[in-house]
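Fold and contact review
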Amino acid sequence: MPAISKLLAATALLTTANASILKTIELEKFIKAENKIAIQGVLDNIGPNGVKVPGAGRGLVIASPSKYNPDYFFTWTRDAALTFKTLIDDFLFGNTALKPYIEDYIYSQAVLQTVSNPSGTLLPNGGGLGEPKYMADGSRYNGNWGRPQRDGPPLRATAMIQYANYLVQNGEKDRVKTEIWPIIANDLAYVGHYWNASGFDLWEEVYGSSFFTTQVQYRSLVEGETLASALGLPVPAWTSQTPQILCFLQSYWNGKFYTATINTNADRIHVDANTVLGPIAVFDPSAPCDSPSLQPCNPKSLANFKVFVDTFRNSTLYPINAGIPAGKGIALGRYPEDIYFNGNPWYLITLGSAEFLYDVAATYLKQGSITITSTSLPFFKEIYPLARQGTFGRLHPAFYVLIASIRSYADSFVSVSQKYTPANGMMAEQFLKVEPFAPISAANLTWSFASFVGMNHRRQNHLPESWLPKKSVSVPAVCQPGSVRGTYAPATAAGAPNITTPCVSNILFKVNASTYYGENIYVVGNSPTFGNGNLDNAYPLLSSNYTNERPLWYAVVPLETPSDGSSALRYKFVRQQDCGQDWILEDGEERVIEVPKCVSDGSEDVLGEVDEAFRGQGGRSGGCEN
Ligand SMILES: *[C@@H]1O[C@H](CO)[C@@H](O)[C@H](O)[C@H]1NC(C)=O
Ligand SMILES: *[C@@H]1O[C@H](CO)[C@@H](O)[C@H](O)[C@H]1NC(C)=O
Ligand SMILES: *[C@@H]1O[C@H](CO)[C@@H](O)[C@H](O)[C@H]1NC(C)=O
Ligand SMILES: *[C@@H]1O[C@H](CO)[C@@H](O)[C@H](O)[C@H]1NC(C)=O
Ligand SMILES: *[C@@H]1O[C@H](CO)[C@@H](O)[C@H](O)[C@H]1NC(C)=O
Ligand SMILES: *[C@@H]1O[C@H](CO)[C@@H](O)[C@H](O)[C@H]1NC(C)=O
């Protein structure tokens, strides 16, 4: 090469290097500023003093201040737990001002566990713990919803265990034992009891089994057992389920990616962000990359990550990603078939994917070696075309190059979220996949802000405590279904009311009722469960088995004694529409059933069945589709 072109080439290199340094400085500046905004954004959405959520109960995390299109002015157990998992991290890394918020959260969850709701009650069977969301003041939410959701209890346990471990290390073991453990124990009993039962996924749409849910369930039982032992408690009965949950977790892998949802007839390819959010929720920087807990650095998780991201590189699906080359971050959404708000990228998924990559890099750095297998090779080739199979230790020239490539890939996802975050730093739930790429859906979403803070910790190499036992875990040779009946009790020392087991008769209500999208069917009647005749407290039926051939709405309802003391329950089916229309009461005669004597032994037996057809007024479409 003639000297002059050498010089030119060197200058070009330097210019690229300068440009990339400038870009990095710009990104650092953004991250620093946005992190402050994000923490404040989270705190503004927590009761009782959050400025954006007047009326929210003490310690309750409101999903978003948005009350209309969409209405997110509720507290979700999952969102709240993931938010507090991050706030507790922030506290452990030095933000001591968060302590009162964490204490309020503990109080709020102790109380919330005892609120009876359409998923059930705490006593005697723990069913109520699977309720996904509550009103902002902590009272029950009666609307039809995708329930139960079985990721809330394990995520809440995980958040609290991080804090409990800190308290134990700081001489507050007795307090943990009397106040916090009882809350955790209820949630873990629920996991052991229901891990093998269907439920709705984290997006509240698919009924079946979700990778994310199974993975966070596994973590909660493992670290729960460790905490129980540190507190000197007897080995809990649910520990027998832990290996089986781990076994079940392996079954989501289909040879190419994690099938996000199984045991469902949802018409999807099952490529879904839940398989990226799961590994970051169970991240343990000390776990070996081949651990069956399926860490971010697991070769399967890396292969899955590539399949997930590549799905959104499709510019027909996501015009926003047009022209972005392989190896560079893009805007990411939940799953390709998404139609909610027309299906757009989400901040928390784009940022969560960056976090995933920082976790991977942090693990390699901590463990001092990188192993590339045939499964993970395509992932590595995308960001470093010279990658090949093998194990590369700290002394190998490729080691630091690979780590730098992974981190710079991660940064490029953060840059994408930066590009679509408005100048005031406020993060909605989504941003449009098409021009003008503006924020859309719920404004100031707590989970979006929390995901930023969580990402930033991992980017700074702030690593969580290890939760997996030092001795390696093994997967049973054959997976077995299972369940251990849980024992539940109100966490009174933390502020829960001292509730007792209600006396109920479980009755299956079924009704054929053709409905338009957005319409719901309820039962109202002369019992507390049926709202004592008050429509606002009517009991929601489920539509999860609804088909055009069999328009079934149903629920197994735990009935208390009718309020007039008789055994005759009088009830009506009612139709309601979600977009502001009036309730439509069924005309025609009131129906009556004889309620069998209630039982308070916690039996789940169904003592009676009602099978009817809705004879009232037909519904209207009401424009709920949009
Ligand atoms: C979101 O936050 C911004 C800035 O504080 C505010 O202007 C806006 O009204 C908020 N939106 C909602 C729905 O609370
Ligand atoms: C229950 O566990 C068995 C064994 O792992 C599994 O095959 C089955 O799909 C699980 N069902 C649900 C609903 O979790
Ligand atoms: C890209 O997305 C479009 C629209 O969703 C879809 O029809 C097409 O099959 C996708 N292409 C690939 C290669 O997946
Ligand atoms: C709660 O109620 C039960 C039964 O009524 C009683 O035995 C128990 O002592 C009470 N616990 C508290 C903390 O008040
Ligand atoms: C609803 O569907 C599930 C799964 O197919 C089935 O097990 C259950 O019995 C059905 N429930 C009713 C009330 O039909
Ligand atoms: C409900 O619909 C199914 C399927 O069409 C039918 O078999 C059943 O008899 C109906 N039940 C009542 C009470 O009308």
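Residues numbered from 1 in each chain as written. Chains lettered and ligands numbered in written order. Predicted model: local features only at pLDDT ≥ 70, side-chain atom pairs only at ≥ 80, totals over all residues. Heavy atoms only, no water.

1. A look at the site of ligand 6
What surrounds ligand 6 is the set N512, E549, R550, D611, E612 and A613. One of the side-chain N or O atoms of N512 is found 2.4 Å from an oxygen atom in ligand 6. Note that an oxygen atom of ligand 6 is positioned 3.3 Å from one of the side-chain N or O atoms of R550. Sort the elements by how many residues they give to the shell around ligand 6 and strand β17 (residues 606-613) lands first, with 3 residues. Split into classes, the residues belonging to the shell around ligand 6 amount to 1 nonpolar, 1 polar and 4 charged. (Near = heavy atom within 4 Å. Polar contact = N/O pair within 3.5 Å; in protein donor to acceptor, adjacent residues only side chain to side chain. Helix = DSSP H or I, 4+ residues; strand = E, 2+ residues; numbered from the N terminus. Nonpolar A, V, L, I, M, F, W, Y, C, P; charged D, E, K, R; others polar.)

2. A few points about the site of ligand 2
Near ligand 2, the surroundings consist of N196, S198, S209, F248, N263, C479, Q480 and P481. One of the side-chain N or O atoms of N196 is found 2.5 Å from an oxygen atom in ligand 2. A distance of 3.5 Å separates an oxygen atom of ligand 2 from a polar side-chain atom of S209. The protein chains hide 74% of the 360 Å² of surface that ligand 2 would expose on its own. Residues of the shell around ligand 2, tallied by class, amount to 3 nonpolar, 5 polar and no charged. (Areas by Shrake-Rupley, 256 points an atom, 1.4 Å probe, with all protein chains shown as cover.)

3. Structural notes on the sheet that holds strand β13 (residues 552-559)
Taken in spatial order, the 3 strands of this open sheet run β13-β10-β17, and their pairing is mixed. Both edges of this open sheet fall to β13 and β17, since each of them pairs with a single strand only. The sheet shows a mean angle of 15° between the axes of neighbouring strands, direction not considered. (Pairing = 2+ DSSP bridges. Axes fitted to C-alpha atoms, helices over the stretch in contact; angles between N-to-C directions.)

4. Some points on empty space enclosed by the protein
Applying the stated rule across the entire model yields 3 cavities of 30 Å³ or more. Estimates place the volume of the largest cavity at around 250 Å³. Around the largest cavity sit 16 residues that line it, and L82, T86, I280, E355 and W447 are the ones nearest its centre. Sorting the residues of the lining of the largest cavity by element identifies α2 (77-92), α8 (274-281), α10 (347-367) and α13 (446-459) as the ones contributing at least two each. Examining the composition of the lining of the largest cavity, we find that 5 residues originate from one element, α13, more than from any other. Shared between two domains, the lining of the largest cavity takes at least three residues from each, and those domains are domain 1 (77-251 + 479-500) and domain 2 (272-470). Taken as a whole, the second largest cavity spans an internal volume of roughly 100 Å³. Taken together, 15 residues form the lining of the second largest cavity, with A197, G208, S209, S210 and T213 sitting closest to its centre. (1 Å grid on protein atoms, 1.4 Å probe; cavity = no way out; pocket = protein on both sides within 12 Å on 5 of 7 lines; lining within 4 Å. Points joined across faces, edges and corners; volume = space filled by probe spheres on them. Domains from an automatic or database assignment.)

5. Some points on the pattern of salt bridges
One side chain can pair with another of opposite charge once the charged atoms of both are near each other. As enumerated under the stated definition, the model contains 27 salt bridges in all. For R459, the salt bridge identified is with E28, shortest N-O distance 3.2 Å. With R459 in helix α13 and E28 in helix α1 (residues 3-43), this pair connects stretches of sequence that are 431 residues apart. Residue R175 pairs with E103 through a salt bridge whose shortest N-O separation is 2.6 Å. Of the two residues, R175 sits in helix α5 (residues 173-194) while E103 sits in helix α3 (residues 99-112), which places them 72 residues apart along the sequence. Taken together, the shared-partner salt bridges connect R78, D79, D151 and E204 into one network. (Salt bridge = Lys/Arg side-chain N within 4 Å of Asp/Glu carboxyl O.)

6. Looking at the state of the cysteines
For the structure shown, the criterion picks out 3 disulfides. A sulfur-sulfur separation of 2.1 Å characterises the disulfide bridge that pairs C247 with C479. Residues C247 and C479 are joined through a disulfide that is left-handed, its torsion about the S-S bond being -95°. Placement of C247 in helix α7 (residues 242-250) and of C479 in the loop between α13 and β10 (505-512) is noted, with a sequence separation of 232 residues between them. Given a relative accessible area of 42%, C479 falls into the partly exposed group. Residue C503 pairs covalently with C598 via a disulfide, S to S 2.0 Å. (Disulfide = S-S within 2.5 Å. Buried < 20%, exposed > 50% of the residue type's maximum accessible area, 1.4 Å probe, protein only.)

7. Digging into the sheet that holds strand β4 (residues 207-210)
Overall, antiparallel pairing links the 3 strands, which are arranged β3-β4-β5 in an open sheet. Because the sheet does not close on itself, it has two edges, and the strands there are β3 (199-200) and β5 (261-262). By the bridge criterion, 2 bridges tie β4 to β5 in an arrangement that is antiparallel. Paired with S210 across the bridge in β5 is T261.

8. Describing the domain arrangement of the chain
When the domains of the chain are assigned, the result is domain 1 (77-251 + 479-500), domain 2 (272-470) and domain 3 (502-613). One C-alpha centre belongs to domain 1, the other to domain 2; they are set 26 Å apart. The interface of domain 1 with domain 2 comprises 24 residues on the first partner and 30 residues on the second. Interface area for domain 1 against domain 2, summed over the two sides, is near 2,500 Å², with a carbon-plus-sulfur share of 65%. Considering only the surface of domain 1 that becomes buried against domain 2, F93, W203 and R219 emerge as the three largest contributors, covering 26% of it. Applying the counting criterion to the domain 1 and domain 2 interface returns 2 salt bridges. (Contact = heavy atoms within 4.5 Å. Buried area = accessible area lost by both parts, 1.4 Å probe.)

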